[in-house]
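# Structural features, examined
One-letter residues, chain by chain:
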Amino acid sequence: MINIVLFGKPGAGKGTQAEFLKSKYQLFHISTGDLFRHHISNKTDLGMLAQSYMDKGDLVPDQVTIDMLKDAVETHSEAKGFIFDGFPRTSKQADALDTFLSEKSMQISATVALEADDDVLAERLVNRGKISGRVDDQDEEKIRNRFEEYNNKTAPLRDFYEAQGKFHSVDGIGGIDEITHRLTTLIDGLL
Ligand code: AMP
C-alpha cells in the first residue's frame with residue numbers, strides 16, 4: 001500500500017498533481033479543502049463552521065479536520081492507498097494521522113513538498129480566483145494570511161517527517177507535465 005502526503009503552499013499545484021498521481025499509482029485522493037468546500041455547498045453544520053475560517057484564510061480547527069479526514073479514509077477502506085492533499089497541516093494533525101494509520105496497520109510511505117516562491121504563488125492564486133470564484137483566492141491579504149498559516153503551522157512538519165526519513169521536496173515551478181515527471185521519478189525511486 002502506498003500512502004503519500006502532498007505538501008505545498010496554496011497555489012503550489014497539489015490538487016493538479018494529485019489528479020495525475022492518483023491515476024498513475026491507483027490511489028484514492030483526499031483533499032481536505034475539497035471536502036470542506038463540499039460541506040459548504042451542502043450547507044452542513046461543518047460547512048458553516050469551516051467557512052468562517054476559510055473565508056479569512058485561517059486553518060479550520062484541528063479536531064473537526066481530523067475527524068473529517070478519518071471518516072474519509074474509513075469510507076474508502078477498499079482503496080489501494082491514499083494521496084493526502086492539504087492534510088496534515090499542523091503537528092497535531094500529523095500526530096493524529098500517524099496514530100490513526102498505525103491502528104489500521106497502515107503508514108505514510110512518503111511526503112513530498114511542492115516548492116515555489118510566494119510571489120509566483122500569489123499571482124497564480126489571484127488568477128485562479130478569477131475563474132473559480134473562490135473567496136479565499138481573491139484577496140491578496142487573505143492569500144498572504146494563508147502563506148503565514150503555512151509558514152507557522154505546516155512548514156514545521158518538515159522536521160517531523162525528516163526525522164522519520166520520509167520528507168522529500170520537488171521544485172514546483174515549471175510546466176505541469178514537467179512537475180508530474182519530477183514527482184513520479186521521485187516516487188518511483190522510493191517504491
Ligand atoms: P486548500 O483547498 O487545501 O487550499 O484549503 C482551503 C482552506 O481549507 C484552507 O485555507 C483552510 O481554511 C481549510 N483547510 C483545508 N485543509 C485543512 C487542514 N488540513 N487543516 C485546517 N484547515 C484546512
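Scroll up to find the structure.
All values reported here derive from a predicted model rather than from experimental measurement.

All right, on to the overall build of the chain then. Across its full length, the chain holds nine helices and five strands. Tracing the chain from N to C terminus, the helices and strands come up as β-α-β-α-α-α-β-α-β-α-α-α-β-α. Compactness check: the chain gives a C-alpha radius of gyration of 16 Å against a globular reference of 16 Å for 191 residues, within 12% of the reference. If one aligns the C-alpha atoms of the chain with their principal axes, the spans along those axes are about 40 × 40 × 30 Å. When burial is assessed residue by residue, the chain has 44% of its 191 residues classed as buried. For the chain, restricting intrachain contacts to residue pairs at least 6 apart in sequence, the fraction spanning at least 24 positions comes to 72%.

Right, let's get into the packing of helix 4 (residues 62-75) against helix 5 (residues 91-103). For the pair helix 4 and helix 5, the least separation of the axes is 10 Å and the interaxial angle reads 30°. Classed by the angle they form, the pair helix 4 and helix 5 counts as roughly parallel. Of the two elements, helix 4 crosses helix 5, and the hand of that crossing is right-handed. Residues Asp62, Gln63, Thr65, Ile66, Leu69, Lys70, Val73 and Glu74 of helix 4 touch helix 5, and the partners they reach there are Lys92, Gln93, Ala96, Leu97 and Phe100. Here the residues of the contact of helix 4 with helix 5 are counted per class, giving six nonpolar, three polar and four charged.

It is worth spelling out the pairing of strand 4 (residues 110-115) at this point. A regular strand places its side chains so that they alternate between the two faces of the sheet. The buried fraction of strand 4 amounts to five of the six residues, a majority that puts the element mostly inside the structure. Pairing of strand 1 (residues 2-8) with strand 4, which is carried by five bridges, proceeds in the parallel orientation. In the strand pairing of strand 4, glycine 8 is matched with leucine 114. Where strand 4 and strand 5 (residues 167-171) come together, five bridges link them in parallel fashion. Residue pairing across strands places threonine 111 opposite phenylalanine 167, the latter belonging to strand 5.

Taken together, the neighbourhood of the ligand is formed by 16 residues, with Thr32, Arg37, Asp58, Gly86 and Gln93 sitting nearest. Within the side chain of arginine 89, an N or O atom sits 3.0 Å from a nitrogen atom of the ligand. Between the ligand and the protein, one listed contact pairs a nitrogen atom with a side-chain N or O atom of glutamine 93 at 2.9 Å. Protein contact buries 96% of the 480 Å² of open area that the ligand shows by itself. No other element matches the four residues that helix 2 (residues 32-41) contributes to the shell around the ligand.

Glancing now at the nonpolar core. With 22 residues, the main nonpolar core has Phe7, Val73, Phe84 and Leu97 as its most contacted residues. Of all the secondary structure elements, the ones that give two or more residues to this core are strand 1, helix 4, strand 3 (81-85), helix 5 and helix 8 (157-162). Not counting residues within four places of it along the chain, the set of residues in contact with valine 73 comprises Ile30, Phe82, Phe84, Phe100 and Met106. Of all hydrophobic cores here, the second largest spans 21 residues; its members include Ile2, Ala18, Leu21 and Ile187.

Every α-helix winds through 3.6 residues per turn, so residues three or four apart in the chain are directed the same way. Relative to the 21 Å expected for 15 residues at 1.5 Å per residue, helix 6 (residues 118-132) spans 20 Å between its end C-alpha atoms, a close match to the ideal helical length. Considered for burial, the residues of helix 6 that qualify are Leu121, Ala122, Leu125 and Gly129. End-on view of helix 6: buried residues confined to an arc of 100°, all on one side of the axis. Counted as exposed and oriented over 90 degrees from the buried face of helix 6: Glu123, Lys130 and Ile131.

Criteria and cut-off values
Residues numbered from 1 in each chain as written. Predicted model: local features only at pLDDT ≥ 70, side-chain atom pairs only at ≥ 80, totals over all residues. Heavy atoms only, no water. Helix = DSSP H or I, 4+ residues; strand = E, 2+ residues; numbered from the N terminus. Rg over C-alpha atoms; globule rule 2.2 N^0.38 Å. Buried < 20%, exposed > 50% of the residue type's maximum accessible area, 1.4 Å probe, protein only. Contact = heavy atoms within 4.5 Å. Axes fitted to C-alpha atoms, helices over the stretch in contact; angles between N-to-C directions. Parallel < 35°, antiparallel > 145°, perpendicular 65-115°, else oblique. Left-handed = near helix turned anticlockwise from the far one by under 90°. Nonpolar A, V, L, I, M, F, W, Y, C, P; charged D, E, K, R; others polar. Pairing = 2+ DSSP bridges. Near = heavy atom within 4 Å. Polar contact = N/O pair within 3.5 Å; in protein donor to acceptor, adjacent residues only side chain to side chain. Areas by Shrake-Rupley, 256 points an atom, 1.4 Å probe, with all protein chains shown as cover. Core = buried A, V, L, I, M, F, W, Y, C linked by side-chain atoms within 4.5 Å. Expected span 1.5 Å × (residues − 1). Arc of directions from axis to C-beta.

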